[in-house]
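Spelled out from the first residue to the last, the chains are:
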Amino acid sequence: MAMATTTTMASSSEAMLSQELFDETVLENEECFDLSPDEALRETIDQFRRQLGSCGAGAGVIGVGDGGAAPSPSPTSVARSAAGASSGDAKPEDEPPESTPKAPGRDVPPALAHLVLSHPDSPDGRRARDGRRRFRNSLASLDGFVGTDGKVTLNDADVERALEALGEVGRRCRSGDGDGTNGAADAAGEGGPLPYLAIFQQTSSIYTLMSFLSVVDPASLRSESESSSPQCRILEANARTLSSILGGNPSRDDGRCARLRAECRDAFVPALGRLVGLVGGFGELVSSSSRDRRTGSAASSVLSRLLRLGTNATKGCEGGKVAFVQSTLPSELDALSISACGTKRGGVAAIVRCLTIDGTGSDAEIRMEACQLLASLCRYDDFRDPSAKDGAMGAAGVSASSAHDHALEFHRAGAAKVLIEIARDALSACSDGEGSATEVAGRERLAAAALTGLRVLAVNDEIIQTMVALGALSTVVEALELGASASTGADGSDRVPESPDAGRPKRQRLAAGSLGLARNLCGNDEIKTNLCLGSADRCPPSVLGCLLRAMHIYPSVALVQEHACGTLAAMSLRRPANARAILDAGGPRWVLLAMKRHEDNVNVQRQGALAVRNIASRLLRDLPEGSKIQEDKTSAASDDERSAIRDAFLDQGAEEVLRNIAGRHQGSVDEAYAALRDLGCGVSLVKINTNEFEAGQGQTKAVATGRTMMFGEKHNANFRPVYEESAGLADGVDSAISQFGGDE
């Protein structure tokens, strides 16, 4: 009897097919059945797809005898089946015709994602297989440094080998085989990171890298010289590798890559407690060093990497956010954090400590990374279904968002004041314009990160008023003016370029950050009026002009357009004067242009539809109905005003945009319906019976539709909209009082 062999996987039970079996089958198909290399490759891929689909996932490692599972296919059996398919056997209905062969590496099941799906004798195939071999060797090398007790043992001679292995794993899991020049086209093919992520996840290598976080004891950091030790070099390289795996690469990732990275983030949650301790230890070391000594220091570099790892590990992982915030610092650091920040939450104290580090260069990088980590912890971005098999909010047993609670924790620790100071200093440096282009860009990134941190903290009116008292309004105005600043023309005059995307200053980060914060600050009615119309003493001045200018300068930046539309929607809510100012300034034109340009962005569509609805409904609601007015002239004037308000939107194509763009997104259909209704357009919500689409019925039967029941409409024949007192009610009350007693 063959000995059963299995493979442990992090959170997936997909069968693993060995590369050796795949290559042997391709060559046997080609030799025995006189197939061309492309035909042999295609037939092998199709046959393995069918066999893996029929035997189901979790059948063990294919190619190794498994006593209790279905027998593993041999090369001969696969080749024989392939020959039958190529000699005239009927193909499955979903099989493509011979004239359109499947491209190797694309649209393959997850069980084949880790394989090199090119011919083993081709130059590309040999090169890709060599890359897989080096990747597996790197993983095996790192595993060899971890003992059975989870401790990492490294000799002096092992340091360089470990650094090389960590670099290889991080590079492959981020960019795959290529250099990133092919973009997302490589992600689904062999050049992208998908095969390496599949190998990394299926071999549970995430736990090896989690063990490497223990090479440095945060409580033992006493001097700057210790941060240059080989252990700290290993820690920094490990943090960089983990960030590459958990953070993702938008230009090269597809949906399968994103799923594998999400599974790795869920598995990484137990290590976040140790990460918090490392951030606290290195943060205290950097803070206690003099500014001259820590400029460009190794400790600052390690701390930046650790903070970035925290951001990548908690983004899109609710369990990770909770675990980070609720972690405790080592006892030696816990007393310092409580006295400095007044909080017992180790994650909160560690981040606030990093925010208070004062300086430039590497210290500014630390503060920027701390701002981004704070924003990740206070943002709800885990939209996976907790009840799904692979979508549990994770490993910390969280079933609801904790973003609001985390924002309150950071506010109590004094984070808002520190963030405003960071943003103010960075904006002041940006206004001076001194330094190289890299330094100026770094200041803008820091200011934008601080503004984003303030935005996620502004969750209730108390925090908003505290921010305003600390000077948040003047900071928003300054940032928006810089972000929407006009480019300088050839004649030296300030003007908006005719082609907004051409030659504009790269300050869209400031525009997006300031508009996002203004959008949340507009939750307070008095503050949004001051931002829209300006206060009596012109402090702050109106930001409406800068807001519309930013929409014109950055038409292709979806985040700027989303926050601008959201700010206009918030400003006009319950404030007719604000709605009138937006209408007179040409706001409807820019809102509808944004919706037309970003028709596939549901966030822009939703905020744009809200802006249209709030502006129109607020102005139209304040106009009296003609039937209620006795004077004919007044009635005619009112009707003309009503038509003018609607025409301001309809002449810009609002009906077409709301019906055919915003109305086709599930996330914005309700807002589009309300906007069309308030503009006086005929509209109704339609309910589609999706059961007609089951079992192919949607192709042969008419779709059953019906009007959606609106709130307040009568749908129950026995429902009585008017309360009628029961005839026996008084007798029942008297009986209850006599039985149970009552007040005299």
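What you see is a predicted model; the values in this text were computed from it and never measured.

Peer 1: What is the right way to read the overall build of the protein chain from this model?
Peer 2: Looking only at helices and strands, the protein chain has 32 helices and 6 strands in total. Buried residues in the protein chain amount to 50% of all 744 residues. For the protein chain, contacts bridging at least 24 residues in sequence account for 72% of all contacts bridging at least 6. Surface accessibility of the protein chain: about 34900 Å² in total, with carbon and sulfur atoms responsible for 49%.

Peer 1: Help me understand the side chain of Gln605 in this model?
Peer 2: With respect to the element layout, Gln605 can be found in helix 28 (residues 602-621). Assessed through its relative accessible area of 0%, Gln605 is described here as buried. At a separation of 2.8 Å, a polar atom in the side chain of Gln605 contacts the main-chain carbonyl oxygen of Met595. In this structure Gln605 touches Met595, His598, Glu599, Ile661, Ala662, His665 and Ser668, once residues within four positions along its chain are discounted.

Peer 1: I'm lost on the packing of aromatic side chains in this one. Help?
Peer 2: We describe a pair of aromatic rings using the distance from one ring centre to the other and the angle between the two ring planes. Inspection of the entire model under this criterion finds 3 aromatic pairs. Ring geometry for Tyr380 versus Phe383: centroids 5.1 Å apart, planes at 70°, classification edge-to-face. Between the NZ or CZ atom of Arg132 and the centre of the ring of Tyr196, over which it lies, the distance is 4.9 Å.

Peer 1: For this particular structure, what's the right way to read unusual backbone geometry?
Peer 2: The general pattern is negative phi for most residues beyond glycine and trans for most peptide bonds. Within the chain, Ser204 stands out as a residue other than glycine whose phi angle is a positive 55°. The phi dihedral of Arg574 is positive, around 65°, even though this residue is not glycine. On the secondary structure map, Arg574 appears in the loop between helix 25 (558-572) and helix 26 (576-584).

Peer 1: Which parts of the structure should I look at to understand the nonpolar core?
Peer 2: Generally speaking, soluble globular proteins have nonpolar side chains that are buried together. Ranked by internal contacts, the top residues of the largest apolar core, which has 169 residues, are Phe200, Phe268, Phe282, Leu374, Phe410 and Leu457. Ranked by residue count, the leading element in this core is helix 18 (residues 415-432), at 10 residues. Beyond its immediate chain neighbours, meaning those up to four positions away, Phe282 contacts Val216, Leu221, Ser227, Cys232, Leu235, Ala299, Val302, Leu303 and Leu306.

Peer 1: I tried to follow the packing of helix 10 (residues 272-288) against helix 12 (residues 298-314) on my own but got confused; where do I start?
Peer 2: The axes of two packed helices give the description: the angle between them and the distance between them. Running from N to C, helix 10 and helix 12 point in directions that differ by 150°, and their axes come no closer than 9 Å. The pairing of helix 10 with helix 12 is recorded here as roughly antiparallel in orientation. Classified by chirality, the crossing of helix 12 by helix 10 is left-handed. Across the interface between the two elements, Leu272, Leu275, Leu278, Val279, Phe282, Gly283, Leu285 and Val286 of helix 10 pack against Ala299, Ser300, Val302, Leu303, Leu306, Leu307, Leu309, Gly310, Ala313 and Thr314 of helix 12. In the contact of helix 10 with helix 12, the residues fall into 14 nonpolar, 4 polar and no charged.

Peer 1: Would you take a moment to explain the packing of helix 22 (residues 508-521) against helix 25 for this structure?
Peer 2: One way to put it is that helix 22 packs onto helix 25 with a least axis distance of 8 Å and a crossing angle of 25°. Here helix 25 runs roughly parallel to helix 22, going by the angle between their axes. Note on packing geometry: the crossing formed by helix 22 with helix 25 is left-handed. Across from Gln508, Ala511, Ala512, Leu515, Gly516, Ala518 and Arg519 in helix 22, the residues of helix 25 making contact are Leu559, Val560, Glu562, His563, Ala564, Gly566, Thr567 and Ala570. Looking at side-chain class alone, the contact of helix 22 with helix 25 contains 8 nonpolar, 5 polar and 2 charged residues.

Peer 1: Is there a simple way to explain the environment of Ile422 in this structure?
Peer 2: With respect to the helices and strands, the residue Ile422 is situated in helix 18. Separated by 54 residues in the primary sequence, Ile422 and Met368 place their C-alpha atoms 9.3 Å from one another. Non-local contacts of Ile422, meaning those with residues more than four positions away in its chain, are made with Leu355, Arg367, Leu446 and Ala450.

Peer 1: Would you mind going over helix 10 with me for this structure?
Peer 2: For an α-helix the count is 3.6 residues per turn, leaving residues at separations of three or four pointing the same way. Here helix 10 spans 24 Å end to end across 17 residues, near enough to the 24 Å set by a 1.5 Å rise per residue. Helix 10 sits mainly inside the fold: 13 of its 17 residues count as buried.

Peer 1: Looking at this structure, how should I read the environment of Ala484?
Peer 2: For Ala484, the location among the structural elements is in the loop between helix 21 (472-483) and strand 3 (487-488). Given the relative accessible area of 2%, Ala484 is considered buried. In this structure the C-alpha to C-alpha distance between Ala484 and Arg549, which are 65 residues apart in sequence, comes to 6.1 Å. Beyond its immediate sequence surroundings of up to four residues, Ala484 is in contact with Cys546, Arg549, Ala550 and Ile553.

Peer 1: What am I meant to see in the confidence of the model for the protein chain here?
Peer 2: Close inspection of predicted coordinates is inappropriate in any region flagged by low pLDDT. Counting all residues, the mean pLDDT for the protein chain is 79, and 72% of those residues have values of 70 or more. Confidence drops under pLDDT 50 across residues 1-14; counting only partners more than four residues distant or on other chains, this segment forms 38 contacts. In the model, residues 180-189 has pLDDT below 50 throughout and makes 24 contacts with residues more than four positions away in sequence or in other chains.

Peer 1: Whenever I open this one, the pattern of salt bridges confuses me. Can you help?
Peer 2: A side chain of one charge can pair with a side chain of the opposite charge when the charged atoms of the two come close. All chains considered together, the criterion is met by 35 salt bridges. The salt bridge partner of Glu236 is Arg240, with a shortest N-O separation of 3.7 Å. Here Glu236 and its partner Arg240 are both found in helix 8 (residues 230-247), 4 residues apart, which amounts to about one turn of the helix. When the shortest N-O distance is used, the salt bridge between Glu369 and Arg308 registers 2.6 Å.

Scoring rules and cut-offs
Residues numbered from 1 in each chain as written. Predicted model: local features only at pLDDT ≥ 70, side-chain atom pairs only at ≥ 80, totals over all residues. Heavy atoms only, no water. Helix = DSSP H or I, 4+ residues; strand = E, 2+ residues; numbered from the N terminus. Buried < 20%, exposed > 50% of the residue type's maximum accessible area, 1.4 Å probe, protein only. Contact = heavy atoms within 4.5 Å. Areas by Shrake-Rupley, 256 points an atom, 1.4 Å probe, with all protein chains shown as cover. Polar contact = N/O pair within 3.5 Å; in protein donor to acceptor, adjacent residues only side chain to side chain. Phe/Tyr/Trp six-rings, centres within 6.5 Å; stacked < 30°, edge-to-face > 60°. Lys NZ or Arg CZ within 6 Å of the ring centre and 35° of its normal. Core = buried A, V, L, I, M, F, W, Y, C linked by side-chain atoms within 4.5 Å. Axes fitted to C-alpha atoms, helices over the stretch in contact; angles between N-to-C directions. Parallel < 35°, antiparallel > 145°, perpendicular 65-115°, else oblique. Left-handed = near helix turned anticlockwise from the far one by under 90°. Nonpolar A, V, L, I, M, F, W, Y, C, P; charged D, E, K, R; others polar. Expected span 1.5 Å × (residues − 1). pLDDT = per-residue confidence, 0-100. Salt bridge = Lys/Arg side-chain N within 4 Å of Asp/Glu carboxyl O.

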